Amino acid sequence: MPRQGKKRRAVVTGGAGFVGSHLCEQLVRAGSDVVCIDNFATGIPANVRRLSGKEGFRLVEGDSTRPMSVPGPVDIVFHLASAASPRDYLRLPVETLEAGSLGTRNALRLAADHGARMVLASTSEVYGDPLQHPQHESYWGNVNPVGPRSVYDEAKRYAESLAMAHHRAYGADVGIARIFNCYGPRMRDDDGRAIPTFVRQALDGAPITVSGDGLQTRSLCYVDDTVAGLLALADADITGPVNIGSATELSMLRLAELVRTLAGSASPIAFIGRPPDDPRFRCPDTRLAAQALGWRPRVSMEQGLRRTIDWFARTRAADPGPQHGTVPTVQA
Ligand SMILES: NC(=O)c1ccc[n+]([C@@H]2O[C@H](COP(=O)([O-])OP(=O)(O)OC[C@H]3O[C@@H](n4cnc5c(N)ncnc54)[C@H](O)[C@@H]3O)[C@@H](O)[C@H]2O)c1
């Protein structure tokens, strides 16, 4: 299979979503051919508009929970198709479980049909509300299996288990990326995740809604860095799981203040209720990613936030769209 530096043909499920569209762009930029498969449950064709018509890029409307076939060679399958924001997966609970189970099975089969490697976009949510800090890959997690968030957390835990079973039973070439909170341009401003919500509220001059006392933490990684981590895992010979995330941890209150400052906003901070099973801490142990992939995030929080705020401001100026009221923030 072609590894680093060689032209390859990639399939990206969920490629019209936030992370997937950046991944498609990076792949095309590096000279790879890309087949993007998406059912537009939470993503939109506009996310890959810049790629449409480019040689080597194909957008296919398709559902990963149905068998997928791609004519011609495939070297690598990136399996990202799944709702990812709490607001989306709480709205699509069964679909989310099916994306993690049936979708992952079909992505593994697609990869096997072509003798390709599969990179699974798993999540830090497999650690649940962690009792270990920071979270090392060897930690098994603390997940409520019947709580509202379980549709996402357990779907991803099952997806990891299924990938490992295919690896052990059939020798499948898989790489499992545990992605920690990632942010950047093309997040939907109504997806309920903290950064797009805070940015929208700051730009509107509306109250910035922080849940609980705001002392819960997240470690936020700029999307270009996350994508570089996925590409490094695609090129590596390890199965993982590997944490892909920034080790710079900050509280949601600090994040709200930072967004407000960088947006030049005078929005007040408003405290709202915390959603059930919301994790208190989140911070990756990134030593494995550094050692095995030679990967570490490069974009500072301030640089990443500036780019994100600029993108939201430009997008809204071009198309103000519907005005959103104050909606509760969920820190994914
Ligand atoms: N963004 C993050 O912070 C983060 C953190 C951890 C893990 N991840 C994982 O990365 C992946 C991408 O996340 P995102 O933030 O870009 O989310 P997103 O919602 O923007 O993108 C997901 C994409 O998958 C598509 N999709 C959903 N179900 C599908 C199906 N059954 N068939 C085909 N397409 C389907 C959606 O339409 C969308 O385009 C997800 O698997 C998510 O679990 C993301």
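Please refer to the structure placed before this passage.
Residues numbered from 1 in each chain as written. Predicted model: local features only at pLDDT ≥ 70, side-chain atom pairs only at ≥ 80, totals over all residues. Heavy atoms only, no water.

Quick notes on empty space enclosed by the protein
Evaluated as defined, the whole model comprises one cavity of 30 Å³ or more. By volume, the largest cavity amounts to about 50 Å³. Around the largest cavity, the lining residues are His 79, Leu 80, Ala 81, Ser 82, Ala 99, Gly 100, Thr 104, Leu 120, Lys 156 and Ala 159. Those elements that provide at least two residues to the lining of the largest cavity are helix 3 (93–114) and helix 4 (150–170). In terms of residue count, helix 3 provides more of the lining of the largest cavity than any other element does, three residues in total. The residue makeup of the lining of the largest cavity, split by class, is five nonpolar, four polar and one charged. (1 Å grid on protein atoms, 1.4 Å probe; cavity = no way out; pocket = protein on both sides within 12 Å on 5 of 7 lines; lining within 4 Å. Points joined across faces, edges and corners; volume = space filled by probe spheres on them. Helix = DSSP H or I, 4+ residues; strand = E, 2+ residues; numbered from the N terminus. Nonpolar A, V, L, I, M, F, W, Y, C, P; charged D, E, K, R; others polar.)

Re the pattern of salt bridges
The full count for this structure, using the stated rule, is 22 salt bridges. Between Glu 25 and Arg 186 there is a salt bridge, with the nearest N and O atoms lying 2.6 Å from each other. Of this pair, Glu 25 sits in helix 1 (residues 18–29) while Arg 186 sits in the loop between strand 7 (182–183) and helix 5 (194–204), and the two are 161 residues apart along the sequence. For the pair Glu 25 and Arg 186, a shared accessibility class is recorded, and that class is buried. Close ionic contact of Arg 218 with Asp 278 constitutes a salt bridge, the shortest N to O distance being 2.9 Å. In this pair, Arg 218 sits in strand 9 (residues 217–219) while Asp 278 sits in the loop between strand 13 (269–272) and helix 8 (287–293), placing the two residues 60 residues apart along the sequence. Take Arg 218: its relative accessible area is 1%, and that puts it in the buried class. The structure contains a network of salt bridges with shared partners spanning Glu 125, Arg 149, Arg 218, Arg 274, Asp 278 and Arg 282. (Salt bridge = Lys/Arg side-chain N within 4 Å of Asp/Glu carboxyl O. Buried < 20%, exposed > 50% of the residue type's maximum accessible area, 1.4 Å probe, protein only.)

Here we look at the site of the ligand
Around the ligand, 28 residues are found, and the nearest of them are Val 19, Asp 38, Thr 42, Tyr 152 and Lys 156. Here Phe 40 contributes a backbone N or O atom positioned 3.4 Å from an oxygen atom of the ligand. Leu 80 has a polar backbone atom sitting 2.8 Å from an oxygen atom of the ligand. Bound to the protein, the ligand loses 96% of the 820 Å² it would expose on its own. Among the secondary structure elements, those contributing two or more residues to the shell around the ligand are helix 1, strand 5 (117–123) and helix 4. For the shell around the ligand, the element with the highest residue contribution is strand 5, accounting for three residues. A class-by-class count of the residues in the shell around the ligand yields twelve nonpolar, twelve polar and four charged. (Near = heavy atom within 4 Å. Polar contact = N/O pair within 3.5 Å; in protein donor to acceptor, adjacent residues only side chain to side chain. Areas by Shrake-Rupley, 256 points an atom, 1.4 Å probe, with all protein chains shown as cover.)

Purely geometric stuff here, so don't read any function into it on its own.
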